[in-house]
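# Report on the structure
Here's the letter readout for the chains.
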Amino acid sequence: MNGVALRYWHTLRHLKPIQFYGRIWFKYRPVSADLRPAPPLRPLSGIWVVPAPRAASLSGEAVFCFLNETHDLDTLQGWDDTAVSKLWRYNLHYFDMLHSGDATRHGAQHHRLLLRWMRENPPGQGSGWEPYPTSLRVINWIKWALNGTPLSPEELDSLAIQVRWLSKRLEIHLLGNHLFANAKALIFAGLFFSGPEAAKWLATGMQILAREIPEQILPDGGQFERSTMYHALALEDILDLDNVTQAFGAALDARARALTDSWRALAGPMHAWLLAMSHPDRLISFFNDAAFDIAVPTPELEKYASRLGHACVLTLPDGVHHLADSGFLRIQQDQAVALLDIGPIGPDYLPGHAHADTLSFELSLFGQRVFVNSGTSEYGLGTERLRQRGTSAHNTVCVDQQDSSEVWSGFRVARRARTTALQINPSQDAISVSCAHDGYHRLPGKNLHSRTWRIAPGSLELCDTVSGAFGKAEAHFHLHPDVCIMDGGSQRQCLLKLPEGQLVDFGVTGGGTLNIVESTWHPRFGQSQPTSCLVVRLTGATLTSAIHWHPAREK
């Protein structure tokens, strides 16, 4: 079997049967638009709570900024201009702008945009009618109406046409967050409207989520794709479902109410997971696909949860917080917060948002990010997308310039690293964590990478071992752009200065040589910030790297 065939085999063998025949069903099943008038609206039986706000994206009459890229709809070739990325066009069709902080001042303008969308996007035509953007748009229009902006009869008819189309285009071939969004939209529509047709939408959405939520939300509260960004999106989904089912509670029978109560109970564990995987700045860490400004920031999710009656713990105590089902670990001690990746890259049948980041870590000191994984600035099939998913873009060891998991294309993974031999040993003086992975066992040297973190007051020591023969192995330590290298002339150590003036010593005490290289950090889509990376080349099988920090500022 040649290399390409082998890569496809190791990619496809993990898929579920429905992902194969679902693609055939999705591609070849004929679907026609149902243009009947909308069903009647259902009156509220409870209280609708204002959801979490979105960042402003609209300026002027039709100038949109998504993914740090601005375009005027009047100068584009319509809503589906291929001159801009598909992800940008998806955002254009979501209608998140209806929920920006200043949305109440733009009601008339938003109605004009809805009317324009309806007239320029005939049913079933263009990327705006693909199931995922359709799902998010349906939810956003309904939330906007429930916030106090009634939809016109023409808008309601269009909304119903979109829901009918969606109900015939469920993404059973993709599963994951896409199918979740499809089902959520059907539940929103099934509660917003009334009558037999709405009841069918509601039943279908409830049936899907009754199956998907127990699989997609792990026992430790984490979303199963192991992305902090998608976890935050999933938490907002759960809060939205809690909101809409409380607002239309009279439409639910006892069985449905028991189901929605179980979903409501997930909000607390999901928030605790998000808090554990955030830095002291209360923003997400970057494991797998993750970037700021896609999901609602944690503080806004907490306010939303509070409005819905959920109690939110805002701080975590010092110690070890093991997210065992997700495969992450938070170690918080005095002025240090370390986040460790010690688990699988994601669900085997859905690794599209996975990075080759096994045994990577992020570190904050004195409330400031110091070592960071490189983030995500784009999707698609380009070389930069592949580089950002690769091992060398993360704070872990790269062997012979290969990735620990075989990420390829835009959202595919062939052979995957598996972690083993996890040991967590807390004591009064230090906390030690050891783990290994077999991602490099496919290489000629049959290599295994093991790493031990030992965190004590004022220090973090990492011991990396690569078994088997190899040509080159390098440990990467990516610095946050605000961290300044004060002294980097030695091949054994360097001095770092944090934004608030504290000093950090980085030194190599085992077999290795230190080199400082230029790198980039990608905290948002469409954004690349220059920074530096400490690259330590292993001169033997074992490398020890030591990090010491000092509370005193430089004089």
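I will try to describe carefully the structure that is included in this document. Fair warning: this is a prediction, and the values are worked out from it, not measured in the lab.

Looking now at empty space enclosed by the protein. Counted under the stated rule, the structure contains 1 cavity of 30 Å³ or more. Surrounding the largest cavity, Ala56, Ser57, Leu58, Met97, Ser100, Asp102, Ala103, His106 and His110 form its lining. Looking at the lining of the largest cavity, its residues break down into 4 nonpolar, 4 polar and 1 charged.

As a further point, take the pairing of strand β6 (residues 336-341). The buried fraction of β6 amounts to 6 of the 6 residues, a majority that puts the element mostly inside the structure. Side chains Ala336, Ala338 and Leu340 project from β6 onto one buried face, and the interleaved Val337, Leu339 and Asp341 project onto a second face that is buried too. Where strand β5 (residues 328-333) lies against β6, 6 bridges are found, and the strand directions are antiparallel. Each bridged residue has a counterpart across the sheet, and for leucine 329 the counterpart in β6 is leucine 340.

Helix α6 (residues 153-167) packs onto helix α4 (residues 107-120) with a crossing angle of 50° between their chain directions and a minimal axis gap of 11 Å. Classified by the interaxial angle, the pair formed by α4 and α6 is oblique. Handedness of the crossing formed by α4 with α6: left-handed. Residues His111, Leu114, Leu115, Trp117, Met118 and Arg119 of α4 lie in contact with α6, whose contacting residues are Glu154, Glu155, Ser158 and Gln162. Taken together, the residues of the contact of α4 with α6 sort by class into 4 nonpolar, 3 polar and 3 charged.

With antiparallel pairing, 4 strands are arranged side by side in an open sheet as β9-β16-β21-β20. Looking at which strands have only one partner, the edges of the open sheet turn out to be β9 (397-399) and β20 (512-521). Going across the sheet, the axis of each strand differs from the next one's by a mean of 30°, ignoring polarity. Across 10 bridges, β20 lies against strand β21 (residues 529-538) in antiparallel orientation. Note on β21: the bridge partner recorded for valine 517 is cysteine 533.

What counts and what doesn't
Residues numbered from 1 in each chain as written. Predicted model: local features only at pLDDT ≥ 70, side-chain atom pairs only at ≥ 80, totals over all residues. Heavy atoms only, no water. 1 Å grid on protein atoms, 1.4 Å probe; cavity = no way out; pocket = protein on both sides within 12 Å on 5 of 7 lines; lining within 4 Å. Points joined across faces, edges and corners; volume = space filled by probe spheres on them. Nonpolar A, V, L, I, M, F, W, Y, C, P; charged D, E, K, R; others polar. Buried < 20%, exposed > 50% of the residue type's maximum accessible area, 1.4 Å probe, protein only. Helix = DSSP H or I, 4+ residues; strand = E, 2+ residues; numbered from the N terminus. Pairing = 2+ DSSP bridges. Axes fitted to C-alpha atoms, helices over the stretch in contact; angles between N-to-C directions. Parallel < 35°, antiparallel > 145°, perpendicular 65-115°, else oblique. Left-handed = near helix turned anticlockwise from the far one by under 90°. Contact = heavy atoms within 4.5 Å.

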